[in-house]
Amino acid sequence: MPLKSLHDLMVDEIKDIYHAEKQVTRALPKMIKNTSSPKLKKAFEDHLKETENQVKRLEQIFEELEIPAKGKRCIGMEGIINEGKEKMEEDIGESVLDAALIASAQKVEHYEIASYGTVRTYAEELGFNKIAELLQKTLDEEFKANELLTSIAEKEINYEAINRGEVE
Ligand code: FE
Ligand code: FE
Ligand code: ZN
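Notes on the structure follow.

Conventions we followed
- Residues numbered from 1 in each chain as written.
- Chains lettered and ligands numbered in written order.
- Predicted model: local features only at pLDDT ≥ 70, side-chain atom pairs only at ≥ 80, totals over all residues.
- Heavy atoms only, no water.
- Donors = N, O, S within 2.8 Å, 3.2 Å for Na, K, Ca; no water.
- Tetrahedral: all angles 85-135°; square planar, octahedral: opposite > 155°, others 65-115°.
- Helix = DSSP H or I, 4+ residues; strand = E, 2+ residues; numbered from the N terminus.
- Buried < 20%, exposed > 50% of the residue type's maximum accessible area, 1.4 Å probe, protein only.
- Contact = heavy atoms within 4.5 Å.
- Axes fitted to C-alpha atoms, helices over the stretch in contact; angles between N-to-C directions.
- Parallel < 35°, antiparallel > 145°, perpendicular 65-115°, else oblique.
- Nonpolar A, V, L, I, M, F, W, Y, C, P; charged D, E, K, R; others polar.
- Salt bridge = Lys/Arg side-chain N within 4 Å of Asp/Glu carboxyl O.
- Phe/Tyr/Trp six-rings, centres within 6.5 Å; stacked < 30°, edge-to-face > 60°.

1. Comments concerning the coordination of the iron ion (ligand 2)
Part 1 of the reasoning: The iron ion (ligand 2) binds to the protein through Asp16 (OD), Asp16 (OD), Cys74 (SG) and Tyr111 (OH); the donor distances cover 1.7 to 2.4 Å.
Part 2 of the reasoning: Note that the iron ion (ligand 2) binds four donor atoms; their angles at the metal cover 59 to 151°, and the shape is irregular.
Part 3 of the reasoning: We note that the donor set of the iron ion (ligand 2) lies within a single chain, spaced as D-x57-C-x36-Y. Of this pair, Cys74 sits in the loop between helix 2 (38–65) and helix 3 (75–89) while Tyr111 sits in helix 4 (residues 94–125), placing them 37 residues apart in sequence.
Part 4 of the reasoning: Take Cys74: its relative accessible area is 0%, and that puts it in the buried class.

Set out below in structure tokens:
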């Protein structure tokens, strides 16, 4: 599809984030399986449910735009997720892996925050208020997910990785 207007670019970015979110729904179960921290597991489980809802929210947006809900390959998210996978395959200590999973998840959140922030602004500027509202809801969730990960890292995981990482 040619990108001749900001509207075209907005649609293109929505398709990108749609595929990105779908990848996240497939990656999170693996992260849930690989963490040994109950707190982190719970955070991932909660965010998985949230992410499934974010996918539905995007489908609502496609409906608003009267175009089929179809993603466009998001290579950015693919890369972030693949780097996370590499860590899981590494010879790595339990709590160090938890720290690595958080690092990877935060890269995911930051990618999403950048995308949703940008597209939300396009939607606002182009007069799609309902769509802007839906995007803002997801953006708020991504911010919160990111903050929770920071606090789990700083209160628990990094501390454990410091204390147990070296003896493993
Ligand atoms: Fe998301
Ligand atoms: Fe992308
Ligand atoms: Zn997210």
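So that's the structure; there's more coming.
2. Things to note about the side chain of Thr138
Part 1 of the reasoning: Checked against the element boundaries, Thr138 lands in helix 5 (residues 129–164).
Part 2 of the reasoning: Residue contacts for Thr138: discarding those within four places in its chain leaves Glu21, Gln54, Arg57 and Tyr116.

3. Description of the side chain of Ser37
Part 1 of the reasoning: Relative to the helices and strands, Ser37 is located in the loop between helix 1 (6–34) and helix 2.
Part 2 of the reasoning: Excluding residues within four positions of it along the chain, Ser37 makes contact with Asp98, Glu156 and Ile157.

4. Some details on the packing of helix 1 against helix 3
Part 1 of the reasoning: Orientation of helix 1 relative to helix 3, taken along the N-to-C sense of each, is 10°, at an axis distance of 10 Å. In this view, helix 1 runs roughly parallel relative to helix 3, as classed from their interaxial angle. Here helix 1 contributes His19, Ala20, Gln23, Val24, Ala27, Lys30, Met31 and Asn34 to the contact with helix 3, which in turn contributes Met77, Glu78, Ile81, Lys85 and Met88.
Part 2 of the reasoning: Considered class by class, the residues forming the contact of helix 1 with helix 3 number seven nonpolar, three polar and three charged.

5. Structural notes on the coordination of the iron ion (ligand 1)
Each donor-metal-donor angle in an ideal tetrahedron of four donors is 109.5 degrees, and each such angle in an ideal octahedron of six donors is either 90 or 180 degrees.
Part 1 of the reasoning: Only Glu21 (OE), Glu21 (OE), Gln54 (OE1), Glu112 (OE) and Glu142 (OE) from the protein reach the iron ion (ligand 1) as donors, at distances of 2.0 to 2.4 Å.
Part 2 of the reasoning: Here the iron ion (ligand 1) and the zinc ion (ligand 3) are spaced 3.1 Å apart, and both take Glu112 as a donor. In this pair, Glu112 sits in helix 4 while Glu142 sits in helix 5, placing the two residues 30 residues apart along the sequence. Assigned by exposure class, Glu112 and Glu142 land together as buried.

6. Observations concerning the pattern of salt bridges
Part 1 of the reasoning: Counted according to the given criterion, the structure contains eight salt bridges.
Part 2 of the reasoning: For Lys42, the salt bridge goes to Asp46, with nearest N and O atoms at 2.6 Å. Separated by four residues within a single helix, Lys42 and Asp46 lie in helix 2, roughly one turn from each other.
Part 3 of the reasoning: Among the residues examined, Asp46 registers a relative accessible area of 32% and is labelled partly exposed.
Part 4 of the reasoning: For Glu160, the salt bridge identified is with Arg164, shortest N-O distance 3.3 Å. One end of the pair is Glu160 and the other is Arg164, both in helix 5 and four residues apart, which spans about a single turn.

7. Side note on the packing of aromatic side chains
Part 1 of the reasoning: Under the defined criterion, the tally for this structure stands at one aromatic pair.
Part 2 of the reasoning: Taking 5.1 Å as the distance between ring centres and 75° as the angle between the ring planes, the aromatic pair formed by Tyr18 and Phe62 counts as edge-to-face. One end of the pair, Tyr18, is in helix 1; the other, Phe62, is in helix 2, with 44 residues separating them in the sequence. Here Tyr18 matches Phe62 in class, with each residue buried.

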